Amino acid sequence: MENKKKVAFYTLGCKLNFSETSTIARNFKDEGFDRVDFEEVADMYVINTCSVTENADKQFKQIVKRALKLNDKAFVAAVGCYAQLKPEELAAVDGVDLVLGATEKFKITDYITDLSKNDRGEVHSCEIEEADFYVGSYSIGDRTRAFLKVQDGCDYKCTYCTIPLARGISRSDALDNVLKNAYEISKQGIKEIVLTGVNIGDYGKGELGNKKHEHTFLDLVKALDEVEGIERLRISSIEPNLLKNETIEFVAQSRTFVPHFHIPLQSGSNEILGKMKRRYQREIYTDRVATIRRVMPHACIGVDVIVGFPGESDEHFLETYNYLNELDISYLHVFTYSERDNTEAVLMSEVVPTNVRSKRSKMLRGLSVKKRRAFYESQIGSTHKVLFESENKEGYIHGFTENYVKVKTPWNPELVNTLHEINLTRIDEEGSVRMEFVNLAV
């Protein structure tokens, strides 16, 4: 019997990319491939790329080198956002054999006649206007939680962002299909599902090929809350103007949705938000945080923020810093602005020097540490349910409470992918939260 070909995957970027990599991997399995870890010798390596930040672009070449070091005859394919935006650039990288754009990536096995190396990467990419259909995805078997894609693309025109150029217009999965996928995930014994997409609050647009909304995000949340077998549902990043107060209030009393929100802000200055072409001002953001705190006092609230956007003066930055310092949020994801081709922002004047961007980024990262510590301290003495992860990290097993407090306890393989009621007891010298079990039978 002929040995099965081995394929390995590497994913850069967001939760959405992870869900799509997992779906592509299942397609390979259906074609008779064995999936192996990326650090193992494989016949083919597939790299799912990202182009949100400059660093993700630079990582690509390093990952290709890692693959070819394991097997210099391996077939290397690139898919994803960077592959759509700059296919020829990726095809020119030494060792790359195939580059597939936004619509082609889910048909990758159709493009493989054999696994012979090419002299130069072969490119198959569409005009982004052709990316107008929806392909459902979810991750499974990779971790203790699953990422469930419910939406793709974006109709927003933020001046710094290339995602609409990489993923196309906003479109959604059919509600019935989302529920079917959620049920399939639950049958695998996975305890938590994270909803993901490019702009998930826009859910319903493009459903069934209709540009109008067939359903709203709130309709989706209510329907998922009734799917049997799901222990936890978590909402990934959602725009503040699309996170309606009605949704927040429903989550507060729902059966499965957890009290954790990640809401992009990007800037605390209304003037900079205008230059970014964000669809809200900070007053809306303040209102959303206040609503969450009113109905879910112990909720975790994460914030995305960009520093060094063109025209961001010291005064603008301090406005952002002071706003976030006063706001009752739990942690920050800080992004240093980087110029991206074919965006409006790259042509703007008043460019912020890179050393100033780095200084501002460091200040906000410090603020994030302070905010997370304060949030963790506010939870000490309270009782929560924790879902344990699968890794043994230096003799400890880690997990997350429903409100996203990361806890640790001595390694016990029997705890993997189980939910337990625990008391949060203290924060150790490393800043990790320690715990004690309330009831091991939970």
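Residues numbered from 1 in each chain as written. Predicted model: local features only at pLDDT ≥ 70, side-chain atom pairs only at ≥ 80, totals over all residues. Heavy atoms only, no water.

Participant: Outline the packing of helix H7 (residues 217-224) against helix H8 (residues 245-253), listing residues and values.
Facilitator: Packed helices, taken two at a time, are described by the angle their axes make and the gap between the axes. Where H7 contacts H8, the axes come no closer than 10 Å and their chain directions differ by 10°. Looking at the two axes, H7 sits roughly parallel to H8. Facing H7, whose interface residues are Phe 217, Leu 218, Val 221 and Lys 222, H8 presents Glu 246, Thr 247 and Phe 250. Classifying every residue of the contact of H7 with H8 by side-chain character gives four nonpolar, one polar and two charged. (Axes fitted to C-alpha atoms, helices over the stretch in contact; angles between N-to-C directions. Helix = DSSP H or I, 4+ residues; strand = E, 2+ residues; numbered from the N terminus. Parallel < 35°, antiparallel > 145°, perpendicular 65-115°, else oblique. Contact = heavy atoms within 4.5 Å. Nonpolar A, V, L, I, M, F, W, Y, C, P; charged D, E, K, R; others polar.)

Participant: How would you sum up the packing of aromatic side chains? Please name residues and give values.
Facilitator: In the structure shown here, the tally under the stated rule is 13 aromatic pairs. On the numbers, 5.0 Å between centres and 90° between planes, the contact of Phe 28 with Phe 33 is edge-to-face. The class of Phe 28 is buried, set by a relative accessible area of 1%. Exposure remark for Phe 33: the relative accessible area of 14% places this residue in the buried category. For the pair Phe 38 and Tyr 45, a centre-to-centre distance of 5.1 Å together with 70° between the ring planes defines the contact as edge-to-face. Given a relative accessible area of 0%, Tyr 45 falls into the buried group. Feature note: the residues Phe 9, Phe 28 and Phe 33 constitute an aromatic cluster, connected by ring pairs. (Phe/Tyr/Trp six-rings, centres within 6.5 Å; stacked < 30°, edge-to-face > 60°. Buried < 20%, exposed > 50% of the residue type's maximum accessible area, 1.4 Å probe, protein only.)

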